[in-house]
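Fold and geometry: a report
Below are the chains, spelled out letter by letter.
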Amino acid sequence: MGDTVHLTETVTGVKSRGGWVEYIRVLKPRETSLLAFIGLATAVLADRGTGSFLNYLFILGTLIMASAGANGITNYLDREIDARMVRTCRRPLAVGSIDPPEKALFFCIALSILGMGMAWMLHSFVFVADLVGTLAAVIWRKRATCVFPQGAIASCAPVLMGWLAVSRSFPVELWLLCALISFWLPSHIWSIMTFYREDYRMAGLNYFPLNASFKRVSLILLATSLLLYGVSLGLYFVRDSGMIYLISANILGILIVYASWRMLTTGRSISAWQLYRLSAFPYLGMLFLSLCLDTFFRI
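Residues numbered from 1 in each chain as written. Predicted model: local features only at pLDDT ≥ 70, side-chain atom pairs only at ≥ 80, totals over all residues. Heavy atoms only, no water.

**A look at the overall build of the chain**
For the chain, the helix and strand inventory stands at 14 helices and 0 strands. Written out in order from the N terminus, the α and β elements of the chain read α-α-α-α-α-α-α-α-α-α-α-α-α-α. Its C-alpha atoms give the chain a radius of gyration of 20 Å, near enough to 19 Å, the size a compact globule of 299 residues would have. Counting only C-alpha atoms and orienting by the principal axes, one finds that the chain spans roughly 60 × 50 × 30 Å. Long-range contacts, defined here as pairs at least 24 residues apart, represent 73% of the contacts in the chain between residues at least 6 apart. Accessible area of the chain: about 13,700 Å², with a carbon and sulfur share of 69%. Considering the chain, the positive charge centre built from 25 side chains and the negative charge centre built from 16 side chains are found 5 Å apart. (Helix = DSSP H or I, 4+ residues; strand = E, 2+ residues; numbered from the N terminus. Rg over C-alpha atoms; globule rule 2.2 N^0.38 Å. Contact = heavy atoms within 4.5 Å. Areas by Shrake-Rupley, 256 points an atom, 1.4 Å probe, with all protein chains shown as cover. Lys, Arg positive; Asp, Glu negative; His and termini not counted. Charge placed at Lys NZ, Arg CZ, Asp CG, Glu CD.)

Given below as structure tokens:
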């Protein structure tokens, strides 16, 4: 009873705050920051770090607007499901701290339109990548049955936008970066869904990996992490990268493979949570950062 009262008070407190902070929370700032960062890093890779600071800054602003708008729209569309889940029930739209929620939707659509306008200023290819990525993100929500292909398309959009902002070519390197994102997604998405599987089921969701055994999911995550490791090493050879990236790719690759292996061998849900925590910035962020550092120090 005490816990119920405490939760009610907390939610009420969240609901009463309102203001611009709640609008920022709707945009999922951590996820938006990661997507914008990998997009900017890809732009650096595409022009070998020879671009101007102002151009990089404009590309970053475009990526932030596009990613924030798409994340906000999906947050709006998922608000009813979020309200039924313990993990997400305190999100602004789930508790009603923005009332009516359509105010947040209009705000997010405005950001998306602004991002698309900025993308068009960079190049029509960047605009197309932004538009397709946004549409895929809207389709790929908690009701989706798989991270492929919608999730992969949405998550690869920042990479394509960053690359096409400075180059109109489609080399093997770009497709390897997209493959990297695609094989990274299961470790990031399916791991947290496995950890919170009962929460998802209570909300009425029951698709893969929620309807699969823990062992089967662990085996698949181990396989995708090995593919992820392989693709990251493939980038080293295709880019003719230096030791900064090679060392980072090996350390990060071994860590994520080990985390997947530990999830399989222990059979404990906490291992799925640890894999999820590792997969975000510690893995993806550091890998793209090492690619950038390698590029700058080899100019």
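**Remarks on the packing of aromatic side chains**
Evaluated as defined, the whole model comprises 11 aromatic pairs. A ring pair is formed by Phe-195 and Tyr-196, whose centres lie 4.9 Å apart and whose planes are at 85 degrees; its orientation type is edge-to-face. Exposure remark for Tyr-196: the relative accessible area of 23% places this residue in the partly exposed category. Between the aromatic rings of Phe-195 and Trp-273, the centroid separation amounts to 5.4 Å while the plane-to-plane angle is 40 degrees, which identifies the pairing as tilted. (Phe/Tyr/Trp six-rings, centres within 6.5 Å; stacked < 30°, edge-to-face > 60°. Buried < 20%, exposed > 50% of the residue type's maximum accessible area, 1.4 Å probe, protein only.)

**A short note on helix α13 (residues 243-266)**
Along its 24 residues, α13 runs 34 Å from first to last C-alpha, staying within 8% of the 34 Å computed at 1.5 Å per residue. Where α13 is buried, its residues touch α10 (172-195), α12 (214-239) and α14 (269-296). Immediately downstream of α13, the backbone of Gly-267 shows phi near 70 degrees, a positive value. (Expected span 1.5 Å × (residues − 1).)

**Some points on the nonpolar core**
Among the nonpolar cores identified, the biggest contains 76 residues, and Tyr-283 and Phe-288 are the most heavily contacted of them. When neighbours within four sequence positions are excluded, Phe-288 is seen to be in contact with Phe-37, Ile-38, Ala-41, Thr-42, Val-159, Leu-177, Leu-180 and Ile-181. Residues Leu-27, Ile-73, Ala-104 and Leu-111 belong to the second largest nonpolar core, which totals 11 residues. (Core = buried A, V, L, I, M, F, W, Y, C linked by side-chain atoms within 4.5 Å.)

**Quick word on the pattern of salt bridges**
Under the counting rule described, the total for this entry stands at 5 salt bridges. Of the charged contacts in the structure, one is a salt bridge between Glu-22 and Arg-25, with a shortest N-O distance of 3.1 Å. Of this pair, Glu-22 and Arg-25 both sit in helix α2 (residues 20-26), 3 residues apart, which is roughly one turn of the helix. We classify Glu-22 as buried; its relative accessible area is 0%. Using a relative accessible area of 30% as the deciding quantity, one classes Arg-25 as partly exposed. For Glu-173, the salt bridge identified is with Arg-239, shortest N-O distance 2.3 Å. Note that Glu-173 is positioned in helix α10 and Arg-239 in helix α12, a separation of 66 residues in sequence. The same class applies to Glu-173 as to Arg-239, namely buried. The structure contains a network of salt bridges with shared partners spanning Arg-48, Glu-173 and Arg-239. (Salt bridge = Lys/Arg side-chain N within 4 Å of Asp/Glu carboxyl O.)

**As for the state of the cysteines**
Per the counting criterion, the structure on display carries 0 disulfides. Free cysteine: Cys-292, not disulfide-bonded; nearest cysteine sulfur from Cys-178 at 16 Å. With a relative accessible area of 8%, Cys-292 lands in the buried category. (Disulfide = S-S within 2.5 Å.)

**Looking at α12**
The terminal C-alpha atoms of α12 lie 37 Å apart, and with 26 residues this matches the ideal 38 Å at 1.5 Å per residue to within 8%. Phi for Asp-240, located one or two positions after α12, is positive at around 55 degrees.

**Digging into the environment of Phe-208**
Mapped onto the fold, Phe-208 is located in the loop between α11 (197-202) and α12. Residue class for Phe-208 comes out buried when judged on its relative accessible area of 15%. Separated by 14 residues in sequence, Phe-208 and Thr-194 have C-alpha atoms that sit 9.3 Å apart.

**A word on the packing of helix α3 (residues 29-46) against helix α9 (residues 150-164)**
It is at 7 Å that the axes of α3 and α9 come closest, and there the two elements cross at 35 degrees. Note on packing geometry: the crossing formed by α3 with α9 is right-handed. Packed against α3, whose contacting residues are Leu-35, Ile-38, Gly-39, Thr-42, Ala-43, Leu-45 and Ala-46, the element α9 presents Pro-158, Val-159, Gly-162 and Trp-163 at the interface. Broken down by class, the residue content of the contact of α3 with α9 amounts to 8 nonpolar, 3 polar and no charged. (Axes fitted to C-alpha atoms, helices over the stretch in contact; angles between N-to-C directions. Left-handed = near helix turned anticlockwise from the far one by under 90°. Nonpolar A, V, L, I, M, F, W, Y, C, P; charged D, E, K, R; others polar.)

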